[in-house]
Amino acid sequence: MLIFILLSLTIFFLGSLGVFLFRKHLINILISLELILLSLNLNFIIFSCYIDDLLGQIYCLIILTIAAAESSIGLALLIIYYRLRGGISIDLINLLKG
């Protein structure tokens, strides 16, 4: 069980480092957020099996559906923004303000 918790912790730190290191690239930030949600799901699954409770697995499924919806909406917004501006950069997103 300790190995899986360390794996989850490693994935979480990789995701949080990705959010802080790649601030200029929006796609890398989305991938890093997905890694953070994946580590959270892994923790839910580990402790659900350890406690022998089904609730953690149900939470995992709910979080996976929310993460899929978040990814699809985020990528759709990126495609629309790329078609309007011709580039995907966080520096250019400030142009969208009113």
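Residues numbered from 1 in each chain as written. Predicted model: local features only at pLDDT ≥ 70, side-chain atom pairs only at ≥ 80, totals over all residues. Heavy atoms only, no water.

(A) Spotlight on the overall build of the protein. Within the protein, the secondary structure is distributed over 4 helices and 0 strands. Element order for the protein, N to C, with α for helix and β for strand: α-α-α-α. Relative to its length of 98 residues, the protein is extended, with a C-alpha radius of gyration of 17 Å against a globular reference of 13 Å. Its C-alpha atoms put the protein at 50 × 25 × 20 Å along the principal axes. Counted over contacts in the protein with a minimum sequence separation of 6, partners at least 24 positions apart contribute 53%. Carbon and sulfur atoms make up 76% of the accessible area of the protein, which totals about 7100 Å². Charge-centre separation for the protein: the mean point of 5 positive side chains lies 24 Å from the mean point of 5 negative side chains. (Helix = DSSP H or I, 4+ residues; strand = E, 2+ residues; numbered from the N terminus. Rg over C-alpha atoms; globule rule 2.2 N^0.38 Å. Contact = heavy atoms within 4.5 Å. Areas by Shrake-Rupley, 256 points an atom, 1.4 Å probe, with all protein chains shown as cover. Lys, Arg positive; Asp, Glu negative; His and termini not counted. Charge placed at Lys NZ, Arg CZ, Asp CG, Glu CD.)

(B) Molecular detail of the state of the cysteines. Throughout the structure, instances matching the rule amount to 0 disulfides. Not engaged in a disulfide, the cysteine Cys49 finds its nearest cysteine sulfur in Cys60; these two sulfurs lie 10 Å apart. (Disulfide = S-S within 2.5 Å.)

(C) Molecular detail of helix H1 (residues 2–21). For H1, with 20 residues, the first-to-last C-alpha span of 28 Å sits near the 28 Å given by 1.5 Å per residue. When H1 is considered as a whole, its buried residues turn out to be Ser8, Ile11, Gly15, Ser16 and Gly18. Looking straight down H1, one finds its buried side chains confined to an arc of 155°; they lie on one side. Those residues of H1 that are exposed and angled more than 90 degrees off the buried face are Leu2, Ile3, Leu14, Phe20 and Leu21. (Expected span 1.5 Å × (residues − 1). Buried < 20%, exposed > 50% of the residue type's maximum accessible area, 1.4 Å probe, protein only. Arc of directions from axis to C-beta.)

(D) View of the environment of Leu6. For Leu6, the location among the structural elements is in helix H1. Exposure remark for Leu6: the relative accessible area of 46% places this residue in the partly exposed category. In this structure the C-alpha to C-alpha distance between Leu6 and Ile31, which are 25 residues apart in sequence, comes to 20 Å.

(E) Inspection of the packing of helix H2 (residues 26–51) against helix H3 (residues 55–85) at higher detail. Relative orientation of the contacting elements H2 and H3 amounts to 175°, with a least axis distance of 9 Å. Put simply, H2 runs roughly antiparallel to H3. Every residue of H3 that contacts H2 at Leu26, Ile27, Leu30, Leu33, Glu34, Leu37, Leu40, Asn41, Phe44, Ile45, Ser48 and Cys49 is listed here: Gly56, Gln57, Tyr59, Cys60, Ile63, Leu64, Ala67, Glu70, Ser71, Gly74, Leu75 and Leu78. Looking at side-chain class alone, the contact of H2 with H3 contains 16 nonpolar, 6 polar and 2 charged residues. (Axes fitted to C-alpha atoms, helices over the stretch in contact; angles between N-to-C directions. Parallel < 35°, antiparallel > 145°, perpendicular 65-115°, else oblique. Nonpolar A, V, L, I, M, F, W, Y, C, P; charged D, E, K, R; others polar.)

(F) Examining unusual backbone geometry more closely. One non-glycine residue, Asp52, lies in positive phi territory at about 65°. With respect to the helices and strands, Asp52 occurs in the loop between H2 and H3. Judged by its relative accessible area of 70%, Asp52 falls in the exposed class.

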